[in-house]
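Residues per chain, in single letters:
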Amino acid sequence: MSASQLGQSDLGLPPNSYIYKIISTAPRQDPLTYSQIDQLAAIASDDSLRFFHPTTLNVLPNGVVKNVNEKVTCLERGNDQPSNLVATAGRDGLIKFWDKRTPGTAVAEIQSPQKLISSLICNIEKNFVAAGIENPDDGPHGSPVYIWDQRNPQAPIRQYVESHTDTVTDLQIHPNLPNLLLSASTDGLVNVFDINQADEDDALYQVINHRSAIARAGFMFPTTDIYAMGTDETLSFYALQSQEEEKEEPTPKSYGDTREQLGCEYLAKMHWAGDKAYIATGKHSSSDLTFYPVDKSTQGGPLEYVCNPQQPIHLPGAHGEEIVRDLLTDVHTQTTYTCGEDGFVRAWKMPSSGDMDVDGGTSEGKTKSKDKKEKRKDKKKEKRKGDEESKKGRFAPY
């Protein structure tokens, strides 16, 4: 099956610009879907934030905000209702909040203790903001994760400074487990923090060693399973650690290098179509972006995820020979939006809704015995050791 291109726009960007990320500003309906898109927002390599119309792809009046950050790296939804705020961050160490109705001036600002912000997540309804830090060096170096209460942004309420030794590339909170923050890094680790804990050792709930630098990671909504995508195009699935200390963790599902298996040259994103997951893959040489359905088999083990190469959805031409940086889909109009290093946003009409449905608690027990705590610490230490030689490829997206 193939999608058909509906339109494209360079959003008035200077020549040779990259578009890093694109988001919907519509209210969220549930963790995976939004109301019909009213506006789209994107950040680009000219350090601009641009708001534009989802049908015409024209930039809205007063929709260009220049110099939002010095070397902007991140764009996230505020997740407020009625969803008027978006947040940006950059290598200047600033997190800024913008009101899409009057975007000319930031409405709030947070200064990170360290500059070089490389990842961001926020939920303004819960006054929650977290940022991960980039490591500009080639050797191991602390890359902290900071957490703020937006009502008192002068200093972080949590600082996890020792758990990652390289650039933090992704952050995610599971909506049903709001105390668990997932972080991923080019040190090859996915960490899960219990943010109710101030002490870093106590907060480090789980460590997953992907054994290669991680570009993207997150939860396989609506489950608590975890995926990790390496900068070497590897893909694996892991289980969230059980609260029961003695319970054995399922064996991870590892696809290894996906390039031969899926006939791709890079992994673009784990992409949701409503509650349906797809792995989006790119191929420079044939100017193609392809979605492969990701299904969880009922016949295999608890992590038996299958990427089905027999049911691809192609976006022919994609962004030419350039990398597709981000994508999202409006389930209401069956329109997918992509952006990339060619400096364009493109809109695609997906196959019928029957073929593709496409995106957009608390932990149990407050105390544990000393023996259980020690066992968990030993388990985390073993996973952190890893295989240093396997951590290939530094993540340098900006």
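It should be noted that the structure appears before, not after, this text.
Residues numbered from 1 in each chain as written. Predicted model: local features only at pLDDT ≥ 70, side-chain atom pairs only at ≥ 80, totals over all residues. Heavy atoms only, no water.

Peer 1: I keep staring at the overall build of the chain and nothing clicks. Help me out?
Peer 2: Scanning the chain from N- to C-terminus turns up 3 helices and 31 strands. For the chain, the residues scored as buried account for 56% of the 398 residues in total. On the chain, roughly 17,000 Å² of surface is accessible, and the fraction owed to carbon and sulfur atoms is 46%. (Helix = DSSP H or I, 4+ residues; strand = E, 2+ residues; numbered from the N terminus. Buried < 20%, exposed > 50% of the residue type's maximum accessible area, 1.4 Å probe, protein only. Areas by Shrake-Rupley, 256 points an atom, 1.4 Å probe, with all protein chains shown as cover.)

Peer 1: For this particular structure, what's the right way to read the sheet that holds strand β20 (residues 214–219)?
Peer 2: Hydrogen bonds between backbone atoms are what pair the strands of a sheet, whose relative direction is either parallel or antiparallel. Read from one edge of the open sheet, 4 strands run β20-β21-β22-β23, paired in antiparallel fashion. Edge strands, defined here as strands with exactly one partner in the open sheet, are β20 and β23 (253–257). Going across the sheet, the axis of each strand differs from the next one's by a mean of 10 degrees, ignoring polarity. With 5 bridges joining them, β20 and strand β21 (residues 226–230) adopt antiparallel strand pairing. Its bridge partner lying in β21, R216 is registered against M229. (Pairing = 2+ DSSP bridges. Axes fitted to C-alpha atoms, helices over the stretch in contact; angles between N-to-C directions.)

Peer 1: Whenever I open this one, the pairing of strand β17 (residues 177–185) confuses me. Can you help?
Peer 2: Residues in a regular strand point their side chains to alternate faces of the sheet. Of all 9 residues in β17, 8 are buried, a share of seventy percent or more. Of the pairings in the sheet, the one linking strand β16 (residues 168–174) to β17 comprises 6 bridges and is antiparallel in character. Bridge pairing links D170 to A184 in β17. Bridging between β17 and strand β18 (residues 189–194) involves 5 bridges; their strand directions are antiparallel. Counted as the bridge partner of L182 is V192 from β18. Two successive antiparallel strands, β17 and β18, enclose a turn made up of 3 residues, where G188 displays a positive phi of approximately 90 degrees.

Peer 1: Got a minute to help me understand the environment of L289 in this structure?
Peer 2: Within the secondary structure, L289 sits in strand β26 (residues 288–296). For L289, a relative accessible area of 1% puts it in the buried group. C-alpha separation for the pair L289 and L267, spaced 22 residues apart in sequence, amounts to 9.6 Å. Setting aside chain neighbours within four positions, we find L289 in contact with A268, A280, T281, G282, I313, H314, L315, A318, V324 and T338. (Contact = heavy atoms within 4.5 Å.)

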